[in-house]
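Analysis of the macromolecular model
Here are the chains, one letter per residue:
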Amino acid sequence: IAFSILCMLNIITGVFVEQALLTAKRDKEVYMISHLYSLFKAADVDCSGCISWQEFSKVVAEHDMQEVFRQVDMDITEAETLFKLLDVDRHGEIDVGEFISGCNRLRGP
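The paragraphs below set out a description of the structure included in this document. (Residues numbered from 1 in each chain as written. Predicted model: local features only at pLDDT ≥ 70, side-chain atom pairs only at ≥ 80, totals over all residues. Heavy atoms only, no water.)

All right, on to the overall build of the protein chain then. Check the secondary structure of the protein chain and you find five helices and two strands. Listing each helix as α and each strand as β along the protein chain from the N terminus yields α-β-α-α-α-β-α. For 109 residues, the compact-globule estimate of 2.2 N^0.38 gives 13 Å, and the protein chain exceeds it by more than 25% at 20 Å. Its C-alpha atoms give the protein chain principal-axis dimensions of roughly 70 × 25 × 25 Å. By residue count, 27% of the 109 residues in the protein chain fall in the buried class. Restricting the contact set of the protein chain to residue pairs at least 6 apart, pairs at least 24 apart contribute 52%. Summed over all atoms, the accessible surface of the protein chain reaches about 7400 Å², with 62% contributed by carbon and sulfur. Of the side chains in the protein chain, 10 bear a positive and 18 a negative charge, and the two mean positions are spaced by 5 Å. (Helix = DSSP H or I, 4+ residues; strand = E, 2+ residues; numbered from the N terminus. Rg over C-alpha atoms; globule rule 2.2 N^0.38 Å. Buried < 20%, exposed > 50% of the residue type's maximum accessible area, 1.4 Å probe, protein only. Contact = heavy atoms within 4.5 Å. Areas by Shrake-Rupley, 256 points an atom, 1.4 Å probe, with all protein chains shown as cover. Lys, Arg positive; Asp, Glu negative; His and termini not counted. Charge placed at Lys NZ, Arg CZ, Asp CG, Glu CD.)

Let us now look at the state of the cysteines. Under the counting rule described, the total for this entry stands at zero disulfides. There is no disulfide at C47, and the cysteine sulfur nearest it, in C50, is 12 Å away. Note on C47: relative accessible area 67%, which makes it exposed. (Disulfide = S-S within 2.5 Å.)

This paragraph deals with the packing of helix α1 (residues 2–43) against helix α5 (residues 96–107). At a minimum axis distance of 10 Å, the contact between α1 and α5 shows a crossing angle of 135 degrees. Taken together, the axes of α1 and α5 lie oblique to each other. Of the two elements, α1 crosses α5, and the hand of that crossing is right-handed. The residues of α5 that touch α1, namely those facing K28, E29, M32, I33, L36, Y37, L39 and F40, are V96, F99, I100, C103, N104 and R107. Taken together, the residues of the contact of α1 with α5 sort by class into 10 nonpolar, one polar and three charged. (Axes fitted to C-alpha atoms, helices over the stretch in contact; angles between N-to-C directions. Parallel < 35°, antiparallel > 145°, perpendicular 65-115°, else oblique. Left-handed = near helix turned anticlockwise from the far one by under 90°. Nonpolar A, V, L, I, M, F, W, Y, C, P; charged D, E, K, R; others polar.)

As structure tokens, this is what we get:
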């Protein structure tokens, strides 16, 4: 009986820990999306809803943007390459959807 109870407690603990890890992962993703959205809005100086290369290149040196570069495993010297990767439709500007989905895609699972 004691062994059965111990087994049940281990299963319950495992389920609890798994749910806690999933919640933490979702919270991290929500924070990252919110953070990327804030960065995008700060970089969009002319409030056009898109970031041009000129706007992007001005915010590359900021601490928060450097953190994005670290998360996608790129150096700030590769800023133009990152801009081109994020500009999926090749219009020379990045909209908020391209920015957030591109950064998340490059960041990986």
